[in-house]
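Structural features, examined
As a plain string of letters, each chain reads:
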Amino acid sequence: MFSTEDSIVAIATPPGRGGIGIVRISGPSAHTIARALLQHPDALRARHATYTRVAGRDTGAGAPLDEVVVTYFPAPHSYTGDDVIEISAHGSPVVLSAIVTNAIAAGARLAEPGEFTLRAFLNGKRDLVQAEAVADLIDAATPLQARVAFDQLEGTLTRRIGVIDSRLFNLIARLEASLDFPDEGYHFVEAGAAAGEIGAVVTDLDDLLEGARRGRLIREGATVVIIGRPNVGKSSIFNRLAGADRAIVTEIPGTTRDLVSERIDLDGLAVTLVDTAGDRATPDLIEREGVMRATQARGVADLLLLVLDSTTPLTTDDERLLRETEGRRRLVISNKSDSASPIPDAAVAVSARTGAGFDVLRGAIGSSLLEGEPRRDSAAITNIRHIALLQEARTHLEAARRAAGDAQAPEEFVLADLQAARARLDEIVGNRTSEDVLQHIFERFCIGK
Ligand SMILES: Nc1nc2c(ncn2[C@@H]2O[C@H](COP(=O)(O)OP(=O)(O)O)[C@@H](O)[C@H]2O)c(=O)[nH]1
Ligand SMILES: [Mg+2]
């Protein structure tokens, strides 16, 4: 189903107008197709920028359409591993689509989403983890997300999985040798030693999985929900953190009646900040709906900011909220520090009016989100597909370890589970990934990537 026989074309730059726009052609006839489009007498020199003109029609004849710089990357030294031509024209959608149309007339096919990167994968230029990292890098909304994605593009995760895989391979080889030569009276690996070695691999996997929550938070972002009874200053805090007057602030309790949310970059973490209606029993139908939505938002939050008002004594609503959120990841905030001294049990004191305490608050949000996470420089694992496969591999390794430690269990049992664990690792890097999964992964790319 995935063919690399034909040549594909697409605009590689984002939609809209810009100084430069790039059309990319990849495939065995990329060079021939480019020659048909360009008003350039000679063959293109490999990896040289060639300044020339592109024709207005699908033959080189006729009025030129634009001045372009063309680069030819012969296989296999290109992004996709096929012959690649990149035509940099002026960033006009009209010019760029004309080039694409002409390339199609000259024999190319419009690329599917992610097809350039898919070809790089099929041609062995990148493994699946790296191909997925390309999409993550393009999608990154914070510098930290970009760095972690680039790390994976460089192969950090691939290497760690490779190390684990080769330990398993080595162990499997020795176990198989023991099975194949049972009469030699020599065991390539003792049963007890095998269990120990498998245990060490499990520890390696756990190391990798340990950083996963942090990695997920970095890649997917976190949802932080502001709760509290009416008038404590939730919307004011929301506006300060969002850096904009998004939510309406008044002295009238019950002003916020719906969820208001805003994406913010909090020291590299992409945070969806949600302001909610003040939590109280109320006869007002609309406000009641707001309180219900607030309760739902509370349910999906990665972190709750429970706001208290330091200018008034705690009410029964405050105490109820403190109780209800006790088991949750939360930060208790004492607001209005400009007018009263902070509530003793609160984690952070702020004034939404003056902005005092907000640096501390931002830091505290970041550290509570990542609390208990290994403080590594980069989280190697971020992708839910990778996490699920690592967990499956771990399950098989645990089964193998039990079988290896059990004198009654035949060695074939150990081997079967070790092989199954390796198969999961292979699937992460794409060595035996089904076409369905590949299709699913590359679908989320945009055209031209
Ligand atoms: N003095 C003082 N007043 C504040 C502060 N934050 C909010 N307020 C006031 O408290 C009232 C309620 O604020 P609002 O943000 O709408 O609270 P919400 O109902 O919890 O969303 C408004 O009159 C705000 O001006 C603060 O830090 N200090
Ligand atoms: Mg409000």
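Look a little higher up for the structure.
In every chain, residue numbers begin from 1 and rise along the written sequence. Labels are handed out in written order, letters beginning with A for the chains and numbers beginning with 1 for the ligands. Only residues with pLDDT of at least 70 get local features here, since the model is predicted, and only at 80 or more are side-chain atom pairs given and counted; chain-wide, interface and lining totals rely on the full set of residues. Computation of side-chain values: all heavy atoms of the structure, hydrogens and water removed.

Considering the side chain of asparagine 335
- Segments assigned H or I by DSSP are reported as helices when at least four residues long, segments assigned E as strands when at least two residues long, and all are numbered from the N terminus. Along the chain, asparagine 335 turns up in strand E11 (residues 330-335).
- Using a 1.4 Å probe on the protein chains alone, a residue whose accessible area is under 20% of its type maximum counts as buried, one over 50% counts as exposed, and one in between counts as partly exposed. In this structure asparagine 335 comes out as buried when scored by relative accessible area, which is 2%.
- For this analysis, a polar contact is any N or O atom pair within 3.5 Å, provided that within protein one partner can donate a hydrogen and the other can accept it, and provided that sequence-adjacent residues contribute only side-chain to side-chain pairs. A distance of 3.1 Å separates a polar side-chain atom of asparagine 335 from the backbone nitrogen of alanine 352.
- Contact between two residues is taken to exist if any of their heavy atoms lie within 4.5 Å; hydrogens are not considered. Not counting residues within four places of it along the chain, the set of residues in contact with asparagine 335 comprises Val232, Gly233, Ile237, Val307, Leu308, Asp309, Ser310, Val350, Ser351 and Ala352.

Remarks on the packing of aromatic side chains
- Two aromatic rings, drawn from Phe, Tyr or Trp (for Trp, its six-membered ring), form a pair once their centres lie within 6.5 Å of each other, and the interplanar angle then sorts them: stacked below 30 degrees, edge-to-face above 60, tilted otherwise. Following the criterion strictly, the structure yields two aromatic pairs and no others.
- Residues phenylalanine 121 and phenylalanine 442 carry aromatic rings whose centres are separated by 6.4 Å and whose planes lie at 35 degrees to one another, so their mutual orientation is tilted. Pair noted here: phenylalanine 121 is in helix H3 (residues 115-122) and phenylalanine 442 is in helix H15 (residues 435-443), with a separation of 321 residues, a long-range link. Both residues of the pair, phenylalanine 121 and phenylalanine 442, belong to the buried class.
- By the ring-pair criterion, three or more aromatic residues cluster together here, those being Phe121, Phe442 and Phe445.
- The side chain of arginine 24 reaches across the aromatic face of phenylalanine 116, ending 4.5 Å from its centre. Geometrically, a charge over a ring is one whose NZ (Lys) or CZ (Arg) sits within 6 Å of the ring centre while staying within 35 degrees of the ring normal.

Here's the deal with the sheet that holds E11
- The sheet built from six strands is open, its strands ordered E8-E9-E7-E10-E11-E12 with mixed pairing. Two strands lie at the open edges of the sheet, namely strand E8 (260-266) and strand E12 (348-349), each paired on one side alone.
- Relative to strand E10 (residues 303-309), strand E7 (residues 222-227) runs parallel, the two being bridged by four bridges. Note that in E10 the partner of valine 225 across the bridge is leucine 304. Paired strands, as defined in this entry, are two strands with at least two bridges between them according to DSSP.

Side note on the environment of alanine 294
- As for its placement among the helices and strands, alanine 294 is situated in helix H10 (residues 285-300).
- Residue alanine 294 is classed as buried on the basis of its relative accessible area of 5%.
- Sequence separation between alanine 294 and phenylalanine 445 is 151 residues; the distance between their C-alpha atoms is 34 Å.
- Once residues lying within four places of it in the same chain are set aside, the contact partners of alanine 294 are Leu259, Thr276 and Ala277.

Here we look at the packing of helix H4 (residues 128-139) against H15
- To obtain each axis, a line is fitted to C-alpha atoms, and for helices this fit is confined to the stretch in contact; angles are then taken between N-to-C directions over 0 to 180 degrees. Where H4 contacts H15, the two axes come as close as 10 Å, and the packing angle between them is 25 degrees. Between H4 and H15, the crossing angle belongs to the class labelled roughly parallel. Listed contacts from H15 to Leu128, Ala131 and Glu132 of H4 are Leu438, Ile441 and Phe442.
- When its residues are assigned to classes, the contact of H4 with H15 shows five nonpolar, no polar and one charged. Angles are sorted into four bins: roughly parallel if under 35 degrees, roughly antiparallel if over 145, roughly perpendicular if 65 to 115, and oblique for all others. Gly counts as polar in this scheme, as do all residues outside two lists: the nonpolar Ala, Val, Leu, Ile, Met, Phe, Trp, Tyr, Cys and Pro, and the charged Asp, Glu, Lys and Arg.

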